[in-house]
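Take a look at the letters that make up each chain.
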Amino acid sequence: MEYEYDGNSELGRMIGEEARKLGVRAQSHEIPSLTLEYATLVPMRYMNSDRHFKVISISAFCTSHSFEDSRKLGEAVLTAIEKYDGTVAVLASGSLSHRFIDDHRAEEGMNNYTREFDEQMDKRVVKLWREGRFSEFCKMLPEYADYCYGEGHMHDTVMLLGMLGWDKYAEKVEVLTDLFASSGTGQINAIFPLPSYITDKQKVSA
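J.: Any chance you could explain the overall build of the chain here in plain terms?
T.: For the chain, the helix and strand inventory stands at 7 helices and 4 strands. Shown N-terminal to C-terminal, the secondary structure of the chain runs as helices and strands in the order α-α-α-β-α-α-α-β-β-α-β. By its C-alpha atoms, the chain is 50 × 40 × 30 Å across when sized along the principal axes. In the chain, which comprises 206 residues, the share counted as buried stands at 39%. The contacts in the chain between residues at least 6 apart in sequence include a share of 72% that link residues at least 24 apart. Accessible area for the chain stands at about 12200 Å²; split by element, carbon and sulfur atoms hold 49% of it. With 23 positive and 33 negative side-chain charges, the chain shows a separation of 5 Å between the mean positions of the two kinds.

J.: Honestly, the pattern of salt bridges in this entry has me stumped. Any pointers?
T.: Pairing between side chains becomes possible if they bear opposite charge and their charged atoms approach one another. Summed over the entire model, instances satisfying the criterion amount to 17 salt bridges. Measuring nitrogen to oxygen at the nearest pair gives 2.8 Å for the salt bridge that ties lysine 83 to glutamate 18. Of this pair, lysine 83 sits in helix H3 (residues 67-83) while glutamate 18 is found in helix H1 (residues 9-21), placing the two residues 65 residues apart along the sequence. Between arginine 71 and glutamate 75 there is a salt bridge, and its shortest N-O distance comes to 2.3 Å. Placement of the pair is arginine 71 and glutamate 75 together in helix H3, with a separation of 4 residues, close to one helical turn. The network of salt bridges with common partners includes Glu17, Glu18, Lys21 and Lys83.

J.: Just to check I follow, could you spell out the packing of H3 against helix H6 (residues 155-164) for this structure?
T.: Helices that pack against each other are described as a pair by the angle of their axes relative to one another and the distance between those axes. Where H3 meets H6, the axes come as close as 7 Å, and the angle between the chain directions of the two elements is 45°. The orientation of H3 relative to H6 falls into the category oblique. As for how H3 packs across H6, the hand of that crossing is right-handed. Facing Phe67, Ser70, Arg71, Leu73, Gly74, Glu75, Val77 and Leu78 of H3, the residues of H6 in contact are His155, Val158, Met159, Gly162 and Met163. Of the residues belonging to the contact of H3 with H6, the class tally is 7 nonpolar, 4 polar and 2 charged.

About the cut-offs
Residues numbered from 1 in each chain as written. Predicted model: local features only at pLDDT ≥ 70, side-chain atom pairs only at ≥ 80, totals over all residues. Heavy atoms only, no water. Helix = DSSP H or I, 4+ residues; strand = E, 2+ residues; numbered from the N terminus. Buried < 20%, exposed > 50% of the residue type's maximum accessible area, 1.4 Å probe, protein only. Contact = heavy atoms within 4.5 Å. Areas by Shrake-Rupley, 256 points an atom, 1.4 Å probe, with all protein chains shown as cover. Lys, Arg positive; Asp, Glu negative; His and termini not counted. Charge placed at Lys NZ, Arg CZ, Asp CG, Glu CD. Salt bridge = Lys/Arg side-chain N within 4 Å of Asp/Glu carboxyl O. Axes fitted to C-alpha atoms, helices over the stretch in contact; angles between N-to-C directions. Parallel < 35°, antiparallel > 145°, perpendicular 65-115°, else oblique. Left-handed = near helix turned anticlockwise from the far one by under 90°. Nonpolar A, V, L, I, M, F, W, Y, C, P; charged D, E, K, R; others polar.

Structure, rendered in structure tokens:
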């Protein structure tokens, strides 16, 4: 998939600097030979085809980073935005459960879950989100990511919640696209409203 998006080096460097202050091994870079992954390309294809927005792609070594590091990185994103002169939107690009359907069942599983367990867990998670019960969700998140094969171990969700206040976050999520299955995985599109302790400081959307 071809792409051409304008970056924001200033904010990218600020995020990296704030992350390192919190003890996260982070690096900001402007290396043109590095390609963007689909977690950036897919939302940009549908939300930024006119290149109206500048883009910072944030990735993590999901196999080796701890949730604590990703949570701190989310905090660093917010701190950098608070110091930045401009309005910023934050997108967490991933899925809910992510156990792909087995190859020999691919056709029957195109629009179904691989396991009933994953579907029931995703429904429970969406219910918690709708009700703003993130203190409970944050407690179950490590096991949820393990047992339901969370995409990228759900570090995208951890970083987003780190930015929003982690288990203090209690806003009711607005679901744009109801939970649906794709090739065995759980998918959803949702808006996480900003809490007052963020909106009072800076114009940010998540």
